[in-house]
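# Structural features, examined
Take a look at the letters that make up each chain.
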Amino acid sequence: MPKGGRKGGHKGRARQYTSPEEIDAQLQAEKQKAREEEEQEEGGEGAIGDPKKEKKSLDSDESDEDDEDYQQKRKGVEGLIDIENPNRVVQAAKKVTQLDLDGPKELSRREREEIEKQKAKERYMKMHLAGKTEQAKADLARLAIIRKQREEAAKKKEEERKAKDDASVAGKRLQSLSLNK
């Protein structure tokens, strides 16, 4: 015996299923009742009506149901149970001739965000190259300072080179003068 002194649960009970023939018979009876009610509402004109027309309409309803069965191949018990879920979207297979390739394609949220990101990056780069962004202004200022420093360093080097040349020329003159004596 399980804990708590209880016997088995509810899951082992026998289940009863309705056969597909019984379900079809019930559906047909409901449709016939609905037709009779419609005929009575119209004023009783079609209550006596042609039995041939009624048979044809019944046959056409059956053929419509058969067409639906061929369109939607159901798996397992799904054919026996009729589900009315408003949130369920039935995906109809489209033929190649029905596809609209020329129309605008809906982009997903991620694709849209990615495109916007790329456009923003391009806009920023254009402004950056034009020198209108804060970062570009800071870069240009830094570049100007570096250029000045390099120019000053180049001038100093040139002066030192000239001074060295002058010194070497003066040294050569002294040597030549001392040799001439």
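Here the structure is a predicted model, which is why all the values come from computation and not from measurement.

Turning our attention to the overall build of the protein chain. Along its length, the protein chain carries 4 helices and 0 strands. The secondary structure elements of the protein chain, listed N-terminal to C-terminal, are α-α-α-α. As displayed, the protein chain has an accessible area near 18400 Å², and 51% of this comes from carbon and sulfur atoms.

Next up on the list: helix H3 (residues 109–130). Along an α-helix, residues three or four apart share an orientation, since each turn contains 3.6 residues. The end-to-end C-alpha separation of H3 is 32 Å, in line with the 32 Å expected for 22 residues at 1.5 Å each. Taken from the residues just after H3, Gly131 is the one with a positive phi, measuring 85°.

Within the secondary structure, Thr133 sits in the loop between H3 and helix H4 (134–180). The exposure class assigned to Thr133 is buried, which follows from its relative accessible area of 9%. The residues contacting Thr133, other than those within four sequence positions of it, are Tyr124, Met127 and His128.

The next thing to look at is the pattern of salt bridges. Taken as a whole, this structure holds 4 salt bridges when the rule is applied. Residues Asp165 and Arg161 are paired through a salt bridge, measuring 3.7 Å at the closest nitrogen-oxygen approach. In this pair, Asp165 and Arg161 are both assigned in helix H4, 4 residues apart and thus about one turn of the helix distant. Taken together, the shared-partner salt bridges connect Glu158, Arg161 and Asp165 into one network.

Here we take up the confidence of the model for the protein chain. For the protein chain, per-residue confidence averages 78 on the pLDDT scale, and 71% of positions sit at 70 or higher. Note on residues 51–63: pLDDT under 50 across the span, and 7 contacts to partners over four residues away in sequence or across chains.

The next subject is a nonpolar patch on the surface. Together, Val77, Leu80, Ile81 and Ile83 make up a nonpolar patch on the protein surface, roughly 340 Å² of accessible area in all. Within the fold, Ile81 resides in the loop between helix H2 (51–71) and H3. A relative accessible area of 48% places Ile81 in the partly exposed class.

Turning our eyes to something else, we now look at the side chain of His128. By secondary structure assignment, the location of His128 is in helix H3. Polar contacts involving the side chain of His128 include one to the side chain of Thr133, which spans 3.2 Å. Aside from chain neighbours lying at most four places away, what touches His128 is Thr133, Gln135, Ala136 and Asp139.

Time to look at a negative patch on the surface. Side chains of Glu36, Glu37, Glu38, Glu41 and Glu42 sit close together on the surface and give a patch of like negative charge. Among the secondary structure elements, Glu38 is positioned in helix H1 (residues 20–41).

For the rest of this paragraph, the subject is H1. The end-to-end C-alpha distance of H1 is 32 Å, a good match for the 32 Å that 22 residues give at a rise of 1.5 Å each. One or two positions beyond H1, positive phi appears at Gly43, with a value near 115°.

With that settled, the discussion passes to the environment of Ser168. Residue position: Ser168 is located in helix H4. Reaching out from Ser168, the side chain makes a polar contact with the backbone oxygen of Asp165 at a distance of 2.8 Å.

Rules and cut-offs
Residues numbered from 1 in each chain as written. Predicted model: local features only at pLDDT ≥ 70, side-chain atom pairs only at ≥ 80, totals over all residues. Heavy atoms only, no water. Helix = DSSP H or I, 4+ residues; strand = E, 2+ residues; numbered from the N terminus. Areas by Shrake-Rupley, 256 points an atom, 1.4 Å probe, with all protein chains shown as cover. Expected span 1.5 Å × (residues − 1). Buried < 20%, exposed > 50% of the residue type's maximum accessible area, 1.4 Å probe, protein only. Contact = heavy atoms within 4.5 Å. Salt bridge = Lys/Arg side-chain N within 4 Å of Asp/Glu carboxyl O. pLDDT = per-residue confidence, 0-100. Patch = residues over 30% accessible without salt bridge, like charges linked within 9 Å, V, L, I, M, F, W, Y side chains within 5 Å. Polar contact = N/O pair within 3.5 Å; in protein donor to acceptor, adjacent residues only side chain to side chain. Lys, Arg positive; Asp, Glu negative; His and termini not counted. Charge placed at Lys NZ, Arg CZ, Asp CG, Glu CD.

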